[in-house]
Amino acid sequence: MDFDKFSKDYNQILDENIKISGESSDYFVQYKIMVINNFFKRKKLNKNIKFLDLGCGIGKIEQNLLSYFPKSEIYGIDPSKESIKIALDSMKETKNISFLTYDGENIPFENNYFDVVLLSCVLHHIDPIKRSSILAETYRILKKGGYLFIFEHNPYNPLTRYVVRSCEFDIGVRLLNKKNCVHLVKKLGFLIIESRYIVFFPLFLNFLRKFEHKLGFCPLGAQYFVVSKK
């Protein structure tokens, strides 16, 4: 999918597409960042890190990530030149965030460079044949003991499938379930640390969200995440 043609209207398209949830895209960005931040807290990890957002789009995650990782070096890469232009413009005053385009296959960093790599709803946009090679690249650039965070849409959730079918920039994508995602990652030598389903309740049921941490086993969450370690 050529994201250049969607980059200027990305927020508007995404917000319109997910309005069934009652939330904006910013809610889901914050949700993912909180998952990562809570993981770091539980594991008592150093938050002064090198962080790569692979498939960063227009930089929505980077705009919020510094609040939780203020001393980190944060990088975002994406094949979409127009998206990277928007990201650079929105964060041009921020010194420890960098954005660059790449060819979608070869990550332009040396071996063992990053402490964390994030793929936020990226894998379903990659041809299934090429997913292993992209994940192998993430393994290469991660430091020993570094973490890979993967967030993906859950194909077992009917509302998720509806949203994906309705989204302009999700046309033709192939969702992967959590089991297959875990299998791909393990096959490349990663150690699975945690995997669970997330995002169960729309806005009108937000009073139930305090129970979501107990539902990670239930395959009805709108998304799931997998944390693995090199």
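Because the structure is predicted, anything quoted here is derived from the model rather than measured.

## Observations regarding the overall build of the protein
For the protein, the count of helices and strands is seven helices and seven strands. Taking the principal axes of its C-alpha atoms as reference, the protein extends roughly 45 × 35 × 35 Å. Taken over 230 residues, the protein has a buried fraction of 50%. Contacts in the protein between residues at least 24 apart in sequence constitute 72% of all its contacts with a sequence separation of at least 6. With the model as given, the accessible surface of the protein reaches about 11600 Å², and the carbon-plus-sulfur share is 53%. Positive and negative charge centroids in the protein, built from 34 and 25 side chains respectively, lie 10 Å apart.

## Some remarks on the side chain of Glu212
Within the secondary structure, Glu212 sits in the loop between strand E6 (191-198) and strand E7 (223-229). Discounting residues that sit within four places of it in the chain, Glu212 has contacts with Tyr31, Val199, Phe200 and Phe201.

## Structural notes on the packing of aromatic side chains
Per the counting criterion, the structure on display carries 16 aromatic pairs. Their ring planes at 75° and their centres at 5.3 Å tell us that Phe39 and Tyr147 sit as a pair that is edge-to-face. Remark: Tyr147 occurs in strand E5 (residues 142-153) and Phe39 occurs in helix H2 (residues 25-43); sequence separation between them is 108 residues. A residue is classified by how much of its surface remains accessible, and Phe39, at 1% relative accessible area, is buried. The exposure class of Tyr147 is buried, given its relative accessible area of 10%. Ring centres 6.2 Å apart and planes at 70° place the aromatic pair Tyr75 and Tyr113 in the edge-to-face group. Of this pair, Tyr75 sits in strand E2 (residues 73-78) while Tyr113 is found in the loop between strand E3 (97-101) and strand E4 (114-120), placing the two residues 38 residues apart along the sequence. Classification of Tyr113 by relative accessible area gives buried; the value is 17%. Taken together, the ring pairs in this structure connect Tyr75, Phe109, Tyr113 and Phe114 into an aromatic cluster. Just above the ring of Phe69 sits the side chain of Lys47; from NZ or CZ to the centre is 4.9 Å.

## Things to note about the pairing of E4
Across the seven residues of E4, six count as buried, placing the element largely inside the fold. Note: strand E1 (residues 50-54) against E4, three bridges, orientation parallel. Within E4, the position partnered with Asp53 by the bridge is Leu118. Judged from the six bridges that link them, E4 and E5 form a sheet pairing that is parallel. Looking at the pairing, Phe114 lines up with Leu142 of E5. Handedness of the crossover is the feature at issue here: the chain leaves E4, passes through helix H5 (residues 131-141), returns alongside E5, and the resulting connection is right-handed.

## Considerations on the nonpolar core
Residues Ile36, Phe40, Phe51, Phe149 and Phe151 are the most contacted members of the largest nonpolar core, which totals 39 residues. The residues touching Ile36, leaving out its near neighbours within four places in the chain, are Phe51, Phe69, Leu118, Phe149 and Phe151. Listed in part, the 32 residues of the second largest apolar core include Leu135, Leu142, Cys181 and Phe200.

## Focus: helix H1 (residues 10-17)
Of all the residues in H1, the buried ones are Ile13, Leu14 and Asn17. The arc that holds every buried residue of H1, seen down its axis, measures 95°, which confines them to one face. Looking at the buried positions of H1, the neighbouring elements they touch are H2 and helix H6 (158-166).

Here is what the cut-offs are and how they apply
- Residues numbered from 1 in each chain as written.
- Predicted model: local features only at pLDDT ≥ 70, side-chain atom pairs only at ≥ 80, totals over all residues.
- Heavy atoms only, no water.
- Helix = DSSP H or I, 4+ residues; strand = E, 2+ residues; numbered from the N terminus.
- Buried < 20%, exposed > 50% of the residue type's maximum accessible area, 1.4 Å probe, protein only.
- Contact = heavy atoms within 4.5 Å.
- Areas by Shrake-Rupley, 256 points an atom, 1.4 Å probe, with all protein chains shown as cover.
- Lys, Arg positive; Asp, Glu negative; His and termini not counted.
- Charge placed at Lys NZ, Arg CZ, Asp CG, Glu CD.
- Phe/Tyr/Trp six-rings, centres within 6.5 Å; stacked < 30°, edge-to-face > 60°.
- Lys NZ or Arg CZ within 6 Å of the ring centre and 35° of its normal.
- Pairing = 2+ DSSP bridges.
- Right-handed = clockwise from strand over helix to strand, strands pointing away.
- Core = buried A, V, L, I, M, F, W, Y, C linked by side-chain atoms within 4.5 Å.
- Arc of directions from axis to C-beta.

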